[in-house]
Structure formats: structure tokens, C-alpha cells
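Okay, here's what each chain looks like letter by letter:
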Amino acid sequence: MTTKSNPLSVLLDVRSKMDTDVEDELIKACYQLQSVHQYDKDRHTMKQMQALVEAVIETNEGDAVL
Amino acid sequence: MKLKEMTIYNFMPYKGEQKVSFPQHDTQNVMLLFGDNMRGKTSFLNAMRWGFYGLALGRHLRAIPRINLVNIEAATEGDWSMSIALKFSDGDKGYELRRRVEKKNHVSQPKADADFEESISLRIDGEAKSGDIIENHINQVVPEEISRFFLFDGELLQEYENLLVEGSEQGDKIKKHIEQALGVPALIHGRDEFSGLLKDARRVQANDAKKNIELKRFAEQQNQLEIKLTSSENDLKDLLLQCSDVQMKVDDIDDELKNTEAVQRKKVQLEGLSSERKATESQLLSLEDEQRELLKSAWQDVLYGGVAPLLRDLQARRDSLHNVASEKAVLNSKIQTLQKSLDDPTCPTCKQNIPDENMQPIKDQIDVLKAEEELSIVNPEEIRTLNEKIDKLSKIRSSGEGRRLLHNADKQRKLQVQLIRVDTQLDELEEEIREYDTDHIMRQREKRDRLVKQLARLDGDIETCSGKIGKNTKEQDHIATLISKSAGGQGQKSSIRVNLYQDLESIFSKSIDQLRDSLREEVEHYATAAFSELTTEKTYSGLQINQNYGLSIVDQAGRVLKERSAGAEQIVALSLIDGLNRTARKAGPVVMDTPLGRLDPKHRGNVLKYLPNMAEQVILLVHEGEIDPDRDIESFAERIGVRYRIERISATESRIEKSN
């Protein structure tokens, strides 16, 4: 599989072309989670995805307060 | 992943315990399992599938019930247990997986899946794993979703042609499986989960907005859109369910019709013969009518033979008499003219008297003419009698009735022979399909046509509903953005959350399209490379991939080949499988059931040379018609790690034996 067809590389490439504050680290973490569980019969990743995003929001909020 | 060993117990035709070891050598990586039709090649493939996933597949990829999986001989002897044990490795880890079913204690004679108890155990490097996470462990190594690309039935290779048909149900299913093999689900799941989380975040944002007088209007709109969205989503869910229900009905009818294909063909043949019979009978009736008409005047044709010469004689005689009469009249006229000259010897031209010496020759000529005239005897009575006879005989005419009757009889005889042949065939066909309810089959065909139309309508409704959802979501995004940017919403945690989820959903969504394009490019590249090795037609320039991963052959001039043979179809499908295996993120062994069925010897040779390079382990389940053990193996003998043969014990029992 080449970089062009590597899902994570594609995600980061798309992100770089968008006007967004979403950090690469968050995308990596979300992809990692989905990648590990993509073939699970019963996936319970939504809560974990939410937790990853909430953690970023909390951190940003904390940084803003500081 | 590398397979090490499989132990089969009472699975389908394999009674008792039977063990197969897979090749471990890097270059001698091919295993051959020879078996005639109906001996258990597909059952071997199913044994492996069932061992991994607890699922054995029949036609239309339908699950085979457990009761049909337990060896019938063993069951008759009271042993209703069945198991598959698989040993394999992944990376540096060793796996031992064992799946077993047995009859529940209180059940005397199992009738349904629920009458069996299933148990599964997994050891990784000797350490037992608990039941609830076993399936996830297996899916990490050999995901079920991608199994069709490493456990595949060669007979189904033709299904890949559906990828070229836009909107084909089968094609959509295969496309989904291909994308699962290529890792697209990680992004699809990510997008879907962000979409769900965004929906919740919008709700929270709308609730926050309600508290702000300026934003209350937006909150209300957002709530209305939310209600509409939920309703549309429910509609879509219903439509998809209906669609799958109708598709299942179509599949069921297809199964039924497939089983009665021969009967249907015979029924069509029967209808054709019945029409032929009717046409023949009608032709016979016409010929009989014609025969009757001919017989009315046929007596004339019979008499005509005798009458015709007589009539000709009479006509000749009459003609001769007419000639004599004419000649007599001419003589009379001449005599009268000459007699006038004697009576009045003045030249009619110069009015001079004719000299006496010239009168004697005239008298002599009159005597000669009178002598002649006396000799010309004409009896008018005779002419009248002749005319009467001729008139009567002339009424006897021939229109070739005799010849035409013979021709008609010949035609009738041929048609009667044809009728006997048709009747015999009809009897035979009726006998062959006597036990089948052919009217029911025809009704099922009509029902299928109706269901297919219903499917098309449902597809249209699904498209409309999806469009509505898309439009609704856009409006929601717009209002969420308005709230986020407004003075009251800016900086609000709920707005930050909505913005973040919107961006994440958008990133995952756009990435899916971009990833698909890249994957298609890569699959096309690898498949073309494989195709150039496999095809015997070296002028082809390669393969071209479409949106559904369907591959078309491109010729030297860059034109797409419109039609291709079943053999070419199989070569293209094998190239696609190879392209997918090389592009896919999870490589593994390849197990192929009857992969060479439609190939000519040259293509078969190319495929056999190529297969060992397709995967780390290549397990071929073949019959001797596909690979001749004496002739075909030579070209890749050095790649064969192990050979087995399925021996027939009885119609319901087979044994796997190692062979040289």
C-alpha cells in the first residue's frame, strides 16, 4: 500500500487543505481507534471518539483560561 | 497470517477426525487438494470458513443450517457433534482456534440450529482467551468481512462481472466487501460516528441557544429540522429494510428457479413444440382442403390423357376439311371469273375484244379448275359433327391435378412424419416434467418480475429520501454555523463542539472519496500487472477500473472491449483478486475452490505459473479436469509444498488422504 492509499495519510492530507483548527494528533488518535476496531462485530467506539474530542475541547479551554 | 493445520471432525462429508497440514515453506507454498465433483472441495473451504467465523455458505452466500453441516453418517450413528480446529500464526504469535457444536442434551433429534450448542475456544501462544473477545481477536487477524478474497469459490468468480453493471445489487455487495478489504471502513465508521456525535452536539447547541433571545429563532428552526431529519432517517431505515426484504424474496425465487432451470427450459421447449404442432396440423388441414378441391376435377386430368390425342386428330381433320372448303371456294371464284371472260370477251382494262385464238386457253383452264373443284369434296355435315365432338371433348381440361395431388400427398406425408416426431418429443418432455408444477414455476417468474420492478421503485424512494436527509443536514449545518458565529453563541462550549464535529465529519467524509480514488488507482495498477502475466493476448494494453472496482480490458488502441468470454472474465477476476490482495492492508493465505474451471490450457498454464506468487500460502482445491496431475503440475512442481486427495468412501462420506 502506498502513502496515497494509506487512510491516515489521506486524512492528514485532506485536513491540511482545509481551513480548520482540528489538530493532526486528534485525527491520528481517532483513526487509530477506528482502524483497530474496524472489523469488530460489535463496535463501541463512539464513546471513545467522543472522549477523544472532549479531551481536546477541555485542553483548549484550559489553555484559553491560562 | 499463516495457516498451519486444520482438524476436521464430522463436518459435511468428512466423517470422524481428519487432519490437514498446510505448507510452511517460503517457496514451496502451494497446497493442492484434488477431488472430483461432489466429493467435498467446497465443504473443505466451508470447514475453514466455519472454523473461523461459525458460518458455512451455500448459494447466494446464504448460511447453511447446522443440521446440514453435521456428517449424515455420523448423525445416523447418533454422533451429532462436529468441530473444526485451526492452528495458525500471525506475526510471532501462535493461535489455536477450536469451534465445536453438539446436540443439546435434552434434544433427541435436532431439527433446527437452536437444537445445537456451540462452543469456541482460542489460545494465543498457549494462553486461553475468554469467549466474548475471541471473535474480536479473530477479526484482528482474519476479518470476516474480507474473507471472500482469501476463501473464495472459483465458481463465483463470474460474479465480479457485476461490478461493471452500474446499480447492480450484487455489484454493490462486492464493492462493499472490496472496500472492507481495503480498509475504507475505518473512515466510513469514523464519519458515521462523527455524524451521530454532531447530531447530539447540535441538539445541545440548540438548547443553549433557546436561552438567548436573539438565538431563540435559530434554536426553534434547528429543532424543527431535527424532527424532520429523524423522520426522514426512520423512513430511510424502513425503505432499506423493505429493499432487503424484497431482495431476499428475489434471491429465494432465483434459487427456486435455478433448481428448476432445466424444467423451465423444457417447459419453454414444450410450448415451442405445441406451437409447432398446431402449425403442422393447420398446414395438414390446408393440404387436405386443397386435396379435396383437386379431387373434384381430377377425373378430367385422368381422361385428358386419352382425350387429348383424339381431340388433336379431330381438330386436324376439321382443319383439313376447312382447308378443302377454302380451296374449293377459291377454285369456284377463279372459275366464275374466267367464265365471265368467256361470256363477255371484252378486256376490262382497255375495253377491246379478246381475240378468239385467246379464248381456247381460258376454256381449257376452266375445265382444269372444274376438274379440281369436283375433286375437292366437302361435307358440311361432317364439319358440323366434328365441331360438336371437338366442343364436347374440349371441355375435358387438365390443370395438372394428378401431379398436384401427388405433390400434396408428399407434403402431407412429410408433415405427418413431423407431427409424429413432435408428438413423441412432447410426450417425452411431458413425462420429464410431469412431477413439476410448471404453472407454479411460470407464476414465480412473473412474481420475480414484479418484485424487481418493486425494487427499482424502492431504489428511487431511497434516493429521494437520502436527498432529503442531505438537504436537511446542510440546513442544520448552516444554522449551527450561524449560532456559532453569533455574539451569543461564539465561544460557547456547545458551539465549539459543533464546529469541531463538523470539521471532523467533513475531513473523514472527504477522505473517503480521496482514499477510494487512490485505492482504485492502486488496484488497477496491480491488477493490470497480474493480467499481463495471465492473459495469452499480449496486445492488450491493460485493465481499466470503474467506480465500483469493476475492471474492463483495454486493447492496444486504448479501446475498452465490450464483450469478453467466460475465460477472459475469470482471468480479469483473478487479476482483481490479486490486485486487491496486494493493495489490501491485511495480507493472508489464499484458498481457492475450483479456480480454473473455465480456462483453456494456455491460460491455465499462465495462472498456475502465477498463483504461487499471489500469496504467502496458496491452497488450491481442484479437480483433475482443471489440473492434470501428470501434465500441468510440471510447470510449478517446485512450488508445491504438499498434495492431498479427497477419496470417496460413500456418497455421503469422503476422506482426505495425503498423496505423492
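Residues numbered from 1 in each chain as written. Chains lettered and ligands numbered in written order. Predicted model: local features only at pLDDT ≥ 70, side-chain atom pairs only at ≥ 80, totals over all residues. Heavy atoms only, no water.

What exactly am I supposed to notice about the confidence of the model for chain B here?
Atom-level detail of predicted coordinates should not be read off regions where pLDDT is low. Put simply, chain B has an average pLDDT of 88, and 97% of its residues get 70 or more. This prediction of the complex comes with two scores: 0.64 for pTM and 0.95 for ipTM. (pLDDT = per-residue confidence, 0-100.)

Would you mind showing me how to read the pattern of salt bridges here?
Pairs can form between side chains of opposite charge once their charged atoms are near each other. All names here are of chain B. One pass over the full model with this rule turns up 38 salt bridges over all chains. With a shortest N-O distance of 3.8 Å, K87 and E5 are connected by a salt bridge. Separated by 82 residues along the polypeptide, K87 in strand 4 (residues 82–90) and E5 in strand 1 (residues 2–11) bring together distant segments of the chain. Measuring nitrogen to oxygen at the nearest pair gives 3.6 Å for the salt bridge that ties D208 to K211. The class of D208 is partly exposed, set by a relative accessible area of 25%. Judged by its relative accessible area of 68%, K211 falls in the exposed class. Each of the salt bridges in this network shares a partner with another, and the network as a whole consists of R66, R99 and E118. (Salt bridge = Lys/Arg side-chain N within 4 Å of Asp/Glu carboxyl O. Helix = DSSP H or I, 4+ residues; strand = E, 2+ residues; numbered from the N terminus. Buried < 20%, exposed > 50% of the residue type's maximum accessible area, 1.4 Å probe, protein only.)

Would you explain a negative patch on the surface in this entry?
Residue and element names in this part refer to chain B. A cluster of acidic residues, D172, D459, D461 and E463, forms a negative patch on the protein surface. Residue contributions to the negative patch peak at three residues, all from helix 11 (residues 438–485). When you line up the elements, D172 lands in helix 4 (residues 169–181). (Patch = residues over 30% accessible without salt bridge, like charges linked within 9 Å, V, L, I, M, F, W, Y side chains within 5 Å. Areas by Shrake-Rupley, 256 points an atom, 1.4 Å probe, with all protein chains shown as cover. Lys, Arg positive; Asp, Glu negative; His and termini not counted. Charge placed at Lys NZ, Arg CZ, Asp CG, Glu CD.)

What's the story with the pairing of strand 12 (residues 618–622) of chain B in this structure? I'm lost.
A regular strand places its side chains so that they alternate between the two faces of the sheet. Residue and element names in this part refer to chain B. Burial analysis of strand 12 places five of its five residues in the buried class, the great majority of the element. The alternating pattern of strand 12 places V618, L620 and V622 and I619 and L621 on opposite faces, both of which are buried. Two strands pair when backbone bridges link them, and strand 3 (residues 30–34) and strand 12 are joined in this way by five bridges, in the parallel orientation. For M31, the partnering residue across the bridge sits in strand 12 and is I619. (Pairing = 2+ DSSP bridges.)

Which parts of the structure should I look at to understand the environment of Y540 of chain B?
Along the chain, Y540 of chain B falls in the loop between helix 12 (493–534) and strand 9 (542–545). With 21 residues separating them along the chain, Y540 of chain B and L561 of chain B place their C-alpha atoms 9.7 Å apart.

Whenever I open this one, the interface of chain B and chain A confuses me. Can you help?
It is common to give the size of an interface as the accessible area lost on bringing the parts into contact. In this assembly, 44 residues from chain B lie in contact with 38 residues from chain A. Across the contact surface, chain B and chain A share two salt bridges. Counting only elements with at least two residues in the side of chain B that touches chain A, the list comes to helix 3 (131–141), helix 4, helix 5 (185–210), helix 12 and helix 13 (566–583) of chain B. Taken together, the residues of the side of chain B that touches chain A sort by class into 18 nonpolar, 13 polar and 13 charged. (Contact = heavy atoms within 4.5 Å. Nonpolar A, V, L, I, M, F, W, Y, C, P; charged D, E, K, R; others polar.)

Would you take a moment to explain the side chain of Q222 of chain B for this structure?
Residues and elements named next belong to chain B. On the secondary structure map, Q222 appears in helix 6 (residues 216–259). Residue classification places Q222 among the buried positions, given a relative accessible area of 2%. Excluding residues that lie within four positions of it along the chain, Q222 makes contacts with R202, Q205, A206, Q476, I479 and A480.

What is the right way to look at the packing of aromatic side chains in this model?
Two aromatic rings are characterised by how far apart their centres lie and by the angle between their planes. All names here are of chain B. In total, this model carries eight aromatic pairs over all chains according to the counting rule given. Ring plane angle 45° and centroid distance 6.0 Å describe the contact between F11 and W50, whose orientation is recorded as tilted. Of this pair, F11 sits in strand 1 while W50 sits in helix 1 (residues 41–53), and the two are 39 residues apart along the sequence. Assigned by exposure class, F11 and W50 land together as buried. Look at F194 and F508: their rings are 5.2 Å apart centre to centre, the planes differ by 65°, and that puts the pair in the edge-to-face class. Within this pair, whereas F194 is found in helix 5, its partner F508 is found in helix 12, the two being separated by 314 residues in sequence. This pair shows no difference in class: F194 is buried, exactly as F508 is. A connected cluster of aromatic rings, assembled from ring pairs, spans F52, Y53, F88 and Y95. Positioned above the aromatic ring of F218, the side-chain terminus of R217 is 4.8 Å from the ring centre. Residue placement shows R520 over the ring face of Y549; its charged tip is 5.7 Å from the ring centre. (Phe/Tyr/Trp six-rings, centres within 6.5 Å; stacked < 30°, edge-to-face > 60°. Lys NZ or Arg CZ within 6 Å of the ring centre and 35° of its normal.)

Where do I start with the environment of Q242 of chain B in this structure?
Residue and element names in this part refer to chain B. Assignment of secondary structure puts Q242 in helix 6. Judged by its relative accessible area of 39%, Q242 is partly exposed. Q242 sits 213 residues away from L455 along the chain, and the two C-alpha atoms are 8.8 Å apart.

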